[in-house]
Amino acid sequence: MIKFRLSCLMILSSLLFANSEIWSDGTARLLPQGRLEMGFFQPLRYGFSGTMEISTYKLSTFLMPNLNLKIARNNRLGWRVATRHGLVYPTPMLRWLQSPLGMELGEPDKFALISPEFHIPQMISISNEILFTRKIANEMELTLKGGFSLSLGDKLVRRASIDLPLIFPRMSVYFNRALFRIGADISKSLKRRWSYLIDYDLFLLPGGHEDFAFEHKTLLKWTKNETFQLQLGYKLTAGRYPFGTQAHLLPLVDLVWAR
């Protein structure tokens, strides 16, 4: 049961300018045209052109269709600028989580992350975000970002939320109608093949007692060459949930390939 819940957590949580660069996820830079990058938990990213990048979270694509576009904008005052626009259709995934085995076993909600008593309506969410990236020191780069998400369709019943870190803040848009997000990343190249990333994100959740969530991530990256990267680190989450304010520390491991 624990393994099943962790698998759902990874699927949902795994529910970024003309100057391009490889391994640029989370910045205002785009992949070179024709380059493909993907990891176990990182999105699949494709450099569609010199001014557009396409990405999708492949682990959830079939049950939760999603698509993101990152578009290059004109540089401003030494900052590289891009906007990111996303579309998510969560209804099939949420309905599947009400009966993941396709049957009722024992209690009505056994093996379910959402009780079958709740109706999951047809919903989509749209997101828009702006990213600013620039070098601030030798081999160090800063990215500032901010944006919002909106949901369309009927509202989800609040009691149908999945009260788990990473999932709850992102899911809140479907019962609050809106979600705001601001954050900053710092990345730096170290000696030889090593680099690190430090990431901060604040989620503002209007419309309820659970009004904020905070996430901090640190990753140490080892880049073998232009086609393989190993990422190790942790993610710290804190926020208000329906059951109270809590913090969680989660390990992060990913292998990223490119061609």
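Residues numbered from 1 in each chain as written. Predicted model: local features only at pLDDT ≥ 70, side-chain atom pairs only at ≥ 80, totals over all residues. Heavy atoms only, no water.

Undergrad: With reference to specific residues and values, describe the overall build of the protein chain.
TA: Of the regular secondary structure elements, the protein chain holds 4 helices and 12 strands. When burial is assessed residue by residue, the protein chain has 42% of its 259 residues classed as buried. A total of about 13,400 Å² of accessible surface is found on the protein chain, and carbon and sulfur atoms cover 62% of it. (Helix = DSSP H or I, 4+ residues; strand = E, 2+ residues; numbered from the N terminus. Buried < 20%, exposed > 50% of the residue type's maximum accessible area, 1.4 Å probe, protein only. Areas by Shrake-Rupley, 256 points an atom, 1.4 Å probe, with all protein chains shown as cover.)

Undergrad: Lay out the pattern of salt bridges with the relevant residues and their values.
TA: Enumeration over the complete set of coordinates arrives at 15 salt bridges. A salt bridge links E37 to R35, with the nearest nitrogen and oxygen atoms 2.8 Å apart. With respect to class, E37 is no different from R35; both count as buried. Because the salt bridges share partners, they merge into one network encompassing D25, R35, E37, R45, E53 and K70. (Salt bridge = Lys/Arg side-chain N within 4 Å of Asp/Glu carboxyl O.)

Undergrad: So what's going on with the nonpolar core? Which residues, and what values?
TA: Ranked by internal contacts, the top residues of the largest apolar core, which has 23 residues, are L94, I114, L156, I162 and M171. Where this core is concerned, the elements lending two or more residues are α2 (91–98), α3 (167–171) and α4 (173–176). When neighbours within four sequence positions are excluded, I114 is seen to be in contact with L94, L97, Q98, I120, A160, I162 and M171. (Core = buried A, V, L, I, M, F, W, Y, C linked by side-chain atoms within 4.5 Å. Contact = heavy atoms within 4.5 Å.)

Undergrad: Break down the pairing of strand β4 (residues 66–76) for me, citing the residues and quoting the values.
TA: As defined by bridge partners, strand β3 (residues 52–56) adjoins β4 across 4 bridges and the pair is classed as antiparallel. Note on β4: the bridge partner recorded for E53 is K70. Sheet topology places β4 next to strand β5 (residues 79–88); 9 bridges connect them, and they run antiparallel. Counterpart to I71 in the pairing with β5 is T83. In this structure, the hairpin formed by β4 and β5 is closed by a connection of 2 residues, where L77 is found at a positive phi of approximately 50°. (Pairing = 2+ DSSP bridges.)

Undergrad: Explain the layout of surface pockets residue by residue, including any values.
TA: Computed from the structure, the second largest pocket encloses a volume of approximately 610 Å³. Around the second largest pocket, the lining comprises 30 residues; the ones closest to its centre are E21, W23, R29, S187 and S189. At the level of elements, β7 (140–153), β8 (178–189), β9 (194–204) and β10 (212–225) are the ones that each hand at least two residues to the lining of the second largest pocket. In terms of residues, the lining of the second largest pocket owes the most to one element, β8, which gives 5 residues. For the lining of the second largest pocket, the per-class residue count stands at 9 nonpolar, 9 polar and 12 charged. (1 Å grid on protein atoms, 1.4 Å probe; cavity = no way out; pocket = protein on both sides within 12 Å on 5 of 7 lines; lining within 4 Å. Points joined across faces, edges and corners; volume = space filled by probe spheres on them. Nonpolar A, V, L, I, M, F, W, Y, C, P; charged D, E, K, R; others polar.)

Undergrad: Describe the sheet that holds strand β2 (residues 44–49), with residues and values.
TA: Here 12 strands make up a closed barrel; going around it, the order is β1-β2-β3-β4-β5-β6-β7-β8-β9-β10-β11-β12 and the pairing antiparallel. Pairs of neighbouring strands in the sheet enclose a mean axial angle of 20°, with direction left out of account. (Axes fitted to C-alpha atoms, helices over the stretch in contact; angles between N-to-C directions.)

Undergrad: How would you explain the confidence of the model for the protein chain if you had to name every residue and give the values?
TA: Residues of the protein chain with pLDDT of at least 70 account for 88%, and the chain-wide mean is 88. This model gives residues 1–19 a pLDDT under 50, and the stretch forms 53 contacts once residues within four places in sequence are excluded. (pLDDT = per-residue confidence, 0-100.)

Undergrad: A description of unusual backbone geometry should follow, citing residues and the corresponding values.
TA: You will see that R177, though not glycine, has its phi angle at about 80°, which is positive. Summarising the element assignment, R177 is placed in the loop between α4 and β8. For R192, which is not glycine, the phi dihedral falls at a positive 55°. As for its placement among the helices and strands, R192 is situated in the loop between β8 and β9.

Undergrad: Describe the pairing of strand β11 (residues 228–241), listing the residues and the values that go with them.
TA: Two strands pair when backbone bridges link them, and β10 and β11 are joined in this way by 12 bridges, in the antiparallel orientation. Bridged to W222 within β11 is L230. Remark: 2 residues form the turn of the hairpin made by β10 and β11, two consecutive strands paired antiparallel. Relative to strand β12 (residues 244–258), β11 is paired through 14 bridges, and the arrangement is antiparallel. Note that in β12 the partner of R240 across the bridge is T245.

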